[in-house]
Every structure is written in structure tokens, then in C-alpha cells.
Amino acid sequence: MSTPVRPFPAVNTHLNYGGDAAGLICGYLLGAGTAPHEVDTVQAAQWLAGLHPHGTASGHRTLPPQGTFLWLHFNLSHAQAVRWMERHADLPEAFFDALKDRSVSTRIERDDDTLIAVLNDAHFDFAFEPSDIATLWTSVAPHLMVTGRTRPLRSVDALRTAVRSGNAPCSSVALLAELMRTQASGLVDIVRGVTQRIDDVEDALLAGRLDHKRARLGVLRRLLVRLQRLLAPEPAALFRLLQHPPAWMGADDAQELRDSTEEFSVVLRDMQGLQERIKLLQEEIAASVQEANSRSLFVLTVVTVLALPINILAGLFGMNVGGVPLADNGHGFWIIVAVVAAFTAVAGWLALRGTGDS
């Protein structure tokens, strides 16, 4: 006979991103067949204290009644956040080592019966800049999922909204899978936004309006490269984990993680295709700029060649020495004009002949 879940009283929390006195941004008691209950740090500490933190004689944790679990999301910029987790959450040392090192390398690994994940996602106020990427540190156990960040993230905010609306997964692993699906959905929005910007640059290029499009393409390419570098290890890490999942992870939860990984891989392939498209556009713009520069240089060269005969003759006839030819000839000026015109025509023919041959 299962023990009924006693709901916590309503919590009057503020919808801010700074967290409470312990740095808790939001906390929810979740479970199959139960409505999400919002909790604060005091209630979360009481619920965790009601478990058997040291496990049974076999060394495994005891599951809470009816498979319920807590999701606690912390602001790691708060000085008390890590202290509260150390005191009440009974998390593995690997999680605190990741927080201490501020490691941003994406990974998902096991630490005994706990999953430790370091994920990267876009900022809440993402503006298509390479610096708009931040890290989420996660610990997942059967009864508890803890997430922490230093800056607001889009995926966590969307997951929080879904939980508040009642669309809550029934297990901690399912919540992690939903977080990854939300992350993939956010990446799809980013890919769509980048695609639209690339289309605008391509249209401007076809219309002959280059302006500063190369700089815009450079920013977009750096963004995609950074996203690819930070997020590409995530599917591989999940596949390695699913080869040897924890004993408490059910088949349905493993399948949800596998499905979310496949969705994530599709988005990453789309991002790689966008990088290739940007590279081709950059090469085409560079070729257009080089062609325009070559054309300007050719015009300057032709003008210089055409002006060469008259400059030479003007220099020769302008010397104040005796014996200047045609000085006493009444038609000397027109003779010199004819000579200059002839030399200029020959020089122009020689200059333009190379262009015609090419």
C-alpha cells in the first residue's frame, strides 16, 4: 500500500531570476498522477530530510512515495546556493567539482547512481551573438533533479513554464529528456533565425548591395561554430550513457533520452549545413570584392598608360635648354599634339590588347 503524498501549502514566490535567500529560483514536487506543487527551500529541505539519505543496507537510496521527485533550480551566482545544496541535497562530489571548476565542456556521465550533466544553451535574451551562450550544471537522481546556472537560459525558462502549466514529466529522467527537447526546440528557433539572416544577405548579394554583409556573416558563422563546438558532444555523451544506464532508469525513460538525442542530432546537422552555406557566401563575397578591386586597378593602370606619352613629351619640351625642336615652327604645337595622340593611341592599344586576349 503506497503512502499518500501530502501536498505542501501554496508558496508565494516571486517570478524573478535572482532566487530566494538560498539562491533557489524555482522548486517543484513532481510525480506520476500528481499535480506539480511549488516548494521553497524550507519545504524542499524538509522533504529531503524525510528520505533515507544514507541508503539502505545494500547501499542504494530508497525511493520516495509514489515515485515523486523534486526539481530544484538554483542561481549559482548566489553565495548561499552551493552551501544549501551541500547541506541538504546530498549530491555527489563530482557535481560540486564541476561547479567549482566552472567547466563548460558538454558532458553527461554517471557517478554511482547519479547522472551528472554539463549542458550549454542560449541566454534568455539571446541576440545572435557568439557570447550569448551559457552553461547549465545538472544532477539527476531517482528522487531529485538539481539544475544550476549563472545566467538565465531559454530552455530552462521554457521548461519551467511547461511545469507551471501542468505539463510535468513523471520522472527525473523524463524531466531531463524534456529539458533536452526544449533545448533542441530553442536551437531550431536559432537555426531558423540564422537561416533568415543568411537569406537576407544572399538577396542583398544578388542585388549587388554588399555594404557590411561580410561582417554580419562572420558573426553568424562564429555563433554557429561556438554552438557546434559546445553542443556537438551532447548526443555522443548520451549514447555512451545509454549503453550502461543506472539500474533505476526504466526502459521508457531510456527511450525518451534516446529520442531527444536524435532530435538534437538533426538540429546539429542543420547547423553544420548552415556553416557550409555561410562559408560559400563569404567566398562569393570575397570573390566579388576582389573582382571589383581588380577592375579599379585596371582602370587606374589604363589611365596611367594613356597619360604616359604626354607626360614624357611635356617633360622633354619643358626643359630650358637650347635646340628644342619645332620652337620656331608655326605649326609646332599641332605637330606635337599629333605625335602625342599617336603615341597615346599606340599605348592604349597595347594596354587593351591584353584584356581582349584574356
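Notes on the structure follow. As the structure is a prediction and not an experimental result, all values here were calculated from the model.

Some thoughts on a nonpolar patch on the surface
On the surface, a cluster of nonpolar side chains totalling about 530 Å² of accessible area is made up of Leu 308, Ile 312, Leu 316, Phe 317, Met 319 and Val 321. Inspection of the secondary structure assignment puts Ile 312 in helix H8 (residues 251-317).

Observations concerning the nonpolar core
Formed by 30 residues in total, the largest nonpolar core has its most connected members in Trp 71, Leu 175, Leu 176, Leu 179 and Leu 257. The dominant element in this core, judged by the number of residues it contributes, is helix H5 (residues 172-206), at 6 residues. Dropping the residues within four chain positions of it, Trp 71 is found in contact with Cys 26, Gly 27, Tyr 28, Leu 30, Met 145, Thr 147, Val 156, Leu 159, Arg 160, Val 163 and Leu 175.

Examining the sheet that holds strand S1 (residues 24-30)
Within a sheet, each strand pairs with its neighbour through backbone hydrogen bonds, oriented either parallel or antiparallel. Reading across the sheet, the 7 strands line up as S2-S1-S3-S7-S6-S5-S4 and stay open at both edges, with mixed pairing between neighbours. Two strands in the sheet have a free side with no partner beyond their single neighbour: strand S2 (37-38) and strand S4 (107-111). Of the pairings in the sheet, the one linking S1 to S2 comprises 2 bridges and is antiparallel in character. Pairing of Tyr 28 across the sheet is with Glu 38, part of S2.

Brief notes about H5
Taking 1.5 Å as the rise per residue, H5 with 35 residues should run 51 Å; its terminal C-alpha atoms sit 51 Å apart, in good agreement. In the segment just after H5, Gly 208 is the residue with positive phi, at about 80 degrees.

A look at the side chain of Ser 155
Tracing the sequence through the fold places Ser 155 in helix H4 (residues 154-164). Exposure remark for Ser 155: the relative accessible area of 5% places this residue in the buried category. In contact with Ser 155, other than residues within four places in its own chain, are Asp 121, Leu 179, Thr 182 and Gln 183.

The rules behind each value
Residues numbered from 1 in each chain as written. Predicted model: local features only at pLDDT ≥ 70, side-chain atom pairs only at ≥ 80, totals over all residues. Heavy atoms only, no water. Patch = residues over 30% accessible without salt bridge, like charges linked within 9 Å, V, L, I, M, F, W, Y side chains within 5 Å. Areas by Shrake-Rupley, 256 points an atom, 1.4 Å probe, with all protein chains shown as cover. Salt bridge = Lys/Arg side-chain N within 4 Å of Asp/Glu carboxyl O. Helix = DSSP H or I, 4+ residues; strand = E, 2+ residues; numbered from the N terminus. Core = buried A, V, L, I, M, F, W, Y, C linked by side-chain atoms within 4.5 Å. Buried < 20%, exposed > 50% of the residue type's maximum accessible area, 1.4 Å probe, protein only. Contact = heavy atoms within 4.5 Å. Pairing = 2+ DSSP bridges. Expected span 1.5 Å × (residues − 1).

It is worth stressing that arrangement in space is one thing and function is another; only the former is reported here.
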